[in-house]
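Understanding the architecture of this molecule
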Amino acid sequence: MKKLKLLISLLVMLISFGQCTSTGTLDIISKLHRIAESVKTVADSIQLPEEGDTKVDMDKNKLGDLLKPFKEICNQIDETEAQYSQYAKTALRSISKCVLKNTPLSVKVNYIFNELGWMSEPYSGTFQYELYHGYFELSTLIDMAEYATDSKTGSIPQQLADLHLALVGEDSSSLSDNFFTHLAQKYEESNAVGQSQQTTQQFLYTLYTDIALTQLKAYTLIESGIVILRLVGKEKGPQYTKHTRWDYGNRTEIVYKALRKAMEGQNRSVWRCDPKEHIPKVTYEEVTRLLQGYIENEVDLSSDGSCTETCGYYQNARSEGCFDSDSKFCGQQPKCSGNVYNCQSDDFDMTVCQAPSGSSRRYDYIQYDNGRVLGQSKKCERGTTNKVESWHRWIVQKCSYCFCLCDEQGPKSDRYFNLREAIADIEENKVVTGLRFVKKNRIFHLQIQQGKLMPRGVIDDKTLEWKPVDEYQITDANIVNEVDYHTMNYSSRSIDLDNIMNPNDNSSVVTGLRFRVLGSHLNLMAQICKFDFETGKLLQPKVNSVWQSNDNENREKLNLDNLDVPTRSFVKSLPRSKHNQYLDFVNSGIGQDVAQSTVPFIDIQDVVSNPPAPLVGIGIYYKSSPRYAGFVAPKIITYNFAPHVQVSNSSS
């Protein structure tokens, strides 16, 4: 018994050696490889005890004692499965969304996961239950051992062979066309990443964990079956054991190579789909009153109080006063105290529903006497409407009402973007792992999630946190416009849409970010730092960190004119932008929304990967649905793990 306890202790040390405690690691392959090596070590070490020159007769108690080291193996498999199950479940859910039913691929998916279920059942049923609780008959374990080592149809070895064939096909010398590559293609086409928050690489990798764990369970069953049969005098022979190990090691490596082939070149961006329900200040925020529809009579736009021009004359003007404030509409609505742009004629009498006083809108809807309606006509929440009619002066001059755009700073206009750096705690070896927009004190910040970087690209998920943003206000002392924050206005309201990364460098990770103003555009920058993959250590980050950006000012503009408010769409937004484009924040459509909203809106959902991973890039992109103005949102680009997907075949 002392030898048995010593063996169990050594086994635990062997399996545990080199493992990371984080559940976010993508290094599961080496972990499963170590457990498989431990299975061989255990199987070779278990021998029938002898008393003198006579072998001890076997009963279930003696057999149970001898099999105890396999219980430790099962514990390690169970712990590993528990660590990765949440990520594997996410990948499995994604399959149902990206693979259409009644297609060849769906048939293969069903077949593969049926095989996985059939192989897991005897492991988690008869073998594991009896091993843990000791409620078994000797004949039951012998039957299990024979089932696990038989070569008949339906046996464990045959199921492993069938699974291998389904994953990589008959020609394992060419792995360019395999189960993983087909799944990756469908995953990309379905935009499943927006819901799962797993890149295509992570989707494949975490899906593989479910397959690899089942293969390991089956292999453990076979090895334990060989041991049981040897102990009861039904020796399979050394050649059978050697062939079993070679088969497992060879097939594992072939599937692993197929996985790596499928992972290479796959998209590693993570973005967020629209939520089930758009909730202000929870899933989205708005830039407010940057450009907003505004009704003004031409007499109040003219510096001399005349009505001699047309509305189209006033393309850049100001409200100069309020003619006859007691009876005219100018005395019944808040004045635009900023500049007035792009006026056009509204030469019809109208009924105006002004928005409630606490709203950032000016009007809820406008109904013209000719029947045209701007906005969504409904019961006026304010309770009363205003009748607005053009009028004549001296018979020959008609003073018409114009529909213009007001650019007005003030307490109802949130148009500020933080320009300060957001840097991870690099002195604690933390890196950026996620992004989200937040609005604090009317200022938009791009907030970073950070986590501690561990060996081989692991993020210690116990250290994940959203780093607090600076809580300054634009009215604070020593806070400077265009130094601490950027103020958008009619002539400076563009945001660049970029992926900021070094595409030829897989030895650097993102450690910080900031916005700057490039020309009149808000432009994203990323701080990157080199690191050692094996140790996970940042390499002198305070010295070697550099800022990466896209300085190209020759960009393609996205047109967002005359679009409806994005939260009214019943169709989910999809990414519409490409690297090196830009858009202007504009007013919503006049007909759809009385031009009352500044669009696009800003998506404030968390953008993180599942599992957490270091980033090699970050970005700003635009997503929308047809006829709706959409959202500006951040994206993350995760580290490329494909070059590190390798393991030697030592199973012999």
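Residues numbered from 1 in each chain as written. Predicted model: local features only at pLDDT ≥ 70, side-chain atom pairs only at ≥ 80, totals over all residues. Heavy atoms only, no water.

**Remarks on helix α2 (residues 28–45)**
- Along its 18 residues, α2 runs 26 Å from first to last C-alpha, staying within 8% of the 26 Å computed at 1.5 Å per residue.
- For α2, the complete set of buried residues consists of Ile-28, Ile-29, Lys-31, Leu-32, Ile-35, Ala-36, Ser-38, Val-39, Lys-40, Val-42 and Ala-43. (Helix = DSSP H or I, 4+ residues; strand = E, 2+ residues; numbered from the N terminus. Expected span 1.5 Å × (residues − 1). Buried < 20%, exposed > 50% of the residue type's maximum accessible area, 1.4 Å probe, protein only.)

**A word on the sheet that holds strand β6 (residues 316–318)**
- The antiparallel open sheet is built from four strands, whose spatial order is β5-β14-β7-β6. Pairing within the sheet leaves two strands with one partner each, and these edge strands are β5 (292–297) and β6. Sheet twist, expressed as the mean angle between neighbouring strand axes with direction ignored, is 50°.
- Summarising the sheet, β5 and strand β14 (residues 401–407) pair through six bridges and their orientation is antiparallel. Bridged to Asn-297 within β14 is Tyr-401. (Pairing = 2+ DSSP bridges. Axes fitted to C-alpha atoms, helices over the stretch in contact; angles between N-to-C directions.)

**What to know about the side chain of Thr-463**
- If you trace the backbone, Thr-463 turns up in strand β19 (residues 459–466).
- Take Thr-463: its relative accessible area is 19%, and that puts it in the buried class.
- A polar side-chain atom of Thr-463 sits 2.8 Å from the main-chain amide nitrogen of Lys-452.
- Ignoring any residue separated from it by four or fewer positions in sequence, one finds Thr-463 in contact with Lys-430, Gln-450, Gly-451 and Lys-452. (Polar contact = N/O pair within 3.5 Å; in protein donor to acceptor, adjacent residues only side chain to side chain. Contact = heavy atoms within 4.5 Å.)

**Some points on the nonpolar core**
- By size, the foremost hydrophobic cluster in this structure holds 96 residues, and its most contacted members are Phe-70, Leu-167, Phe-179, Phe-180 and Leu-183.
- No other element matches helix α10 (residues 200–231), which puts 18 residues into this core.
- When sequence neighbours within four positions are dropped, the list of residues in contact with Phe-70 reads Val-39, Val-42, Ala-43, Ile-46, Phe-127, Leu-131, Thr-220, Glu-223, Ser-224 and Val-227.
- Ranked by size, the runner-up nonpolar core spans 45 residues in total, among them Val-287, Leu-513, Phe-515 and Leu-560. (Core = buried A, V, L, I, M, F, W, Y, C linked by side-chain atoms within 4.5 Å.)

**Quick word on the state of the cysteines**
- Inspection of the entire model under this criterion finds six disulfides.
- Through a disulfide, Cys-307 is tied to Cys-399; the S-S separation comes to 1.9 Å. As the torsion about the S-S bond is roughly 95°, the Cys-307-Cys-399 disulfide counts as right-handed. With Cys-307 in the loop between α12 (298–301) and β6 and Cys-399 in strand β13 (residues 397–399), the pair connects residues that are 92 residues apart, well separated along the chain. In this pair, the class of Cys-307 matches that of Cys-399, namely buried.
- Ordering the disulfide-forming cysteines of the chain by sequence position, one finds them joined as 1-9, 2-10, 3-4, 5-12, 6-11, 7-8.
- Here Cys-273 is not disulfide-linked; the sulfur of Cys-98 is the nearest cysteine sulfur, at 13 Å.
- Accessibility expressed as a relative area gives 13% for Cys-273, which makes it buried. (Disulfide = S-S within 2.5 Å.)

**Observations regarding the pattern of salt bridges**
- Considering all chains together, one arrives at 34 salt bridges under this definition.
- Ionic pairing is found between Arg-245 and Glu-223, a salt bridge with its closest N-O pair at 2.7 Å. Of this pair, Arg-245 sits in helix α11 (residues 238–263) while Glu-223 sits in helix α10, and the two are 22 residues apart along the sequence.
- Between Arg-420 and Asp-484 there is a salt bridge, and its shortest N-O distance comes to 3.0 Å. (Salt bridge = Lys/Arg side-chain N within 4 Å of Asp/Glu carboxyl O.)

**Notes on the packing of helix α6 (residues 138–149) against α10**
- α10 packs onto α6 with a crossing angle of 125° between their chain directions and a minimal axis gap of 8 Å. In terms of their interaxial angle, α6 and α10 are classed as oblique. When you trace α6 past α10, the crossing you get is left-handed. Across from Leu-141, Ile-142, Met-144, Ala-145, Glu-146, Ala-148 and Thr-149 in α6, the residues of α10 making contact are Leu-221, Ile-222, Gly-225, Ile-226, Ile-228 and Leu-229. (Parallel < 35°, antiparallel > 145°, perpendicular 65-115°, else oblique. Left-handed = near helix turned anticlockwise from the far one by under 90°.)

**Let's talk about the pairing of strand β33 (residues 615–624)**
- Among the ten residues of β33, ten are classified as buried, and the element is accordingly described as predominantly covered.
- Taken together, the three bridges between strand β22 (residues 499–501) and β33 define a ladder with antiparallel strand orientation. Bridged to Met-501 within β33 is Gly-617.
- In terms of strand pairing, strand β27 (residues 574–575) meets β33 through two bridges, oriented antiparallel. Bridge pairing in β33 links Leu-574 to Ser-624.
- Alignment of β33 against strand β34 (residues 631–638), held across eight bridges, turns out to be antiparallel.

**A short note on a positive patch on the surface**
- Together, Lys-89, Arg-93, Lys-97, Lys-276 and Lys-572 give the surface a local cluster of positive charge.
- Looking at where Lys-276 falls in the secondary structure, it is placed in the loop between β3 (269–270) and β4 (284–285). (Patch = residues over 30% accessible without salt bridge, like charges linked within 9 Å, V, L, I, M, F, W, Y side chains within 5 Å. Areas by Shrake-Rupley, 256 points an atom, 1.4 Å probe, with all protein chains shown as cover. Lys, Arg positive; Asp, Glu negative; His and termini not counted. Charge placed at Lys NZ, Arg CZ, Asp CG, Glu CD.)

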